Amino acid sequence: MDRSGRAFWIDSPGRGEVRDVVLREPGEGEVVVRSLYSGVSRGTETLVFRGGVPESQHAAMRAPFQEGDFPGPVKYGYLSVGVVEEGPERLVGRTVFCLYPHQTRYVVPEAAVTVVPDSVPAGRAVLAGTVETAVNALWDARPLVGDRIAVVGGGMVGCSVAALLARFPGVRVQLVDADPARAKTAEALGVGFALPQDALGGCDLVVHASATEQGLTRSLELLSAEGTVLELSWYGDRRVALPLGEAFHSRRLVIRSSQVGTVSPARANRSYADRLALALDLLADPALDALVTGESAFEELPEVMPRLASGEIPALCHRVRYPSGTSRSA
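All values derive from a computational prediction rather than experimental measurement. (Residues numbered from 1 in each chain as written. Predicted model: local features only at pLDDT ≥ 70, side-chain atom pairs only at ≥ 80, totals over all residues. Heavy atoms only, no water.)

### A few points about the side chain of Thr130
Point 1. Topologically, Thr130 is positioned in helix α3 (residues 128-141).
Point 2. Taking the relative accessible area as the measure of exposure, Thr130 reaches 4% and is therefore buried.
Point 3. If we skip the residues at most four places from it in the chain, Thr130 touches Leu79, Met156, Val157 and Ser160. (Helix = DSSP H or I, 4+ residues; strand = E, 2+ residues; numbered from the N terminus. Buried < 20%, exposed > 50% of the residue type's maximum accessible area, 1.4 Å probe, protein only. Contact = heavy atoms within 4.5 Å.)

### Concerning the confidence of the model for the protein
Detailed conclusions should not be drawn from predicted coordinates in areas where pLDDT is low.
Point 1. Averaged over every residue, the pLDDT of the protein is 94; residues scoring 70 or more account for 98%.
Point 2. Here residues 326-330 is modelled with pLDDT under 50, and outside its nearest four sequence neighbours on either side it reaches 14 contacts, counting other chains as well. (pLDDT = per-residue confidence, 0-100.)

### Describing empty space enclosed by the protein
Over the atoms, a rolled probe matching the size of one water molecule traces out where space is still vacant.
Point 1. Within this structure, the stated rule accounts for one cavity of 30 Å³ or more.
Point 2. Approximately 30 Å³ is the volume attributed to the largest cavity.
Point 3. Lining the largest cavity, in full, are Phe8, Ile10, Glu45, Tyr76 and Met305. (1 Å grid on protein atoms, 1.4 Å probe; cavity = no way out; pocket = protein on both sides within 12 Å on 5 of 7 lines; lining within 4 Å. Points joined across faces, edges and corners; volume = space filled by probe spheres on them.)

### Some words on the state of the cysteines
Point 1. Under the criterion given, the structure shown has zero disulfides.
Point 2. Counting only cysteine sulfurs, Cys317 is the nearest neighbor of Cys159, a cysteine outside any disulfide, at a range of 12 Å.
Point 3. Accessibility expressed as a relative area gives 0% for Cys159, which makes it buried.
Point 4. With no disulfide of its own, Cys203 lies closest to Cys159 among cysteine sulfurs, the gap being 17 Å. (Disulfide = S-S within 2.5 Å.)

### Thoughts on the pattern of salt bridges
Point 1. Scanning the entire structure with this criterion turns up 23 salt bridges.
Point 2. A salt bridge links Arg3 to Glu86, with the nearest nitrogen and oxygen atoms 2.6 Å apart. Within this pair, whereas Arg3 is found in the segment before β1 (4-12), its partner Glu86 is found in strand β6 (residues 80-86), the two being separated by 83 residues in sequence.
Point 3. Given the relative accessible area of 15%, Arg3 is considered buried.
Point 4. Glu30 is paired through a salt bridge with Arg24; the nearest N and O atoms lie 2.7 Å apart.
Point 5. One salt-bridge network, in which partners are shared between bridges, spans Asp11, Arg15, Glu17 and Arg19. (Salt bridge = Lys/Arg side-chain N within 4 Å of Asp/Glu carboxyl O.)

Pasting the structure below:
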């Protein structure tokens, strides 16, 4: 079998390259995966690309199959979909999702791959890691029937949360973003949309995912008394100032963090595998195709990543197509 491959590395902050790799022989209980697609999560991955991971968070931010160290050289990424070429008979030929960096072919333990349901196209399955984050966030938030909810920040994570909340009975869900173009995404996901100044207040819950100081401040303003902001943003090496005077205490507002690195304590009986399997099942909904806003070939990543990091390419999830992948699988 072919043991050659190509991998995208961040050589130094702001600069990437594609390198040749030679795969090791798979051992007992391992699989060889040939990549079809991978996804670039614009928030976290572009922060890593520009070298914005604080030194204190280098260990916490390591991806499962990362090679190298921050700020670089480092091979980073975690949204890979491919076909098992070698391994147990029950997996050979199956399409799988894996938390692996951008690489054409790789060897991992079979426990590291999750079979993609037949109802989910391979091109959409790259969203599994982000939908998994949204699942964990909603386990933390515990929304109730009839809640008034705003999602502030229409990026990849915020839109995933909004899409799942659209399925809750009786809730009022509004996606809030400074970019008017996000209105079309909100419509595709079946939720309302508002610019920050026009957002509906009196919210029981606000999920914040804009990664901006202004967005978090506006989230607090949208709450009703005793309401909660669930903070999903990760600010890397930036400091954030908040108005915690005024009526913050008298209104008994809550700011609660949520992070996908651990399974929500609200679902302590669920495993990481359970959470990822649920995320893949939820991706059967074709409305989630709205979160994939661009596609390019793997070999173009050294040119594409700087444009994603600068915002020249305004993406939610940017999909990377490998030589064996086709857009028809999306």
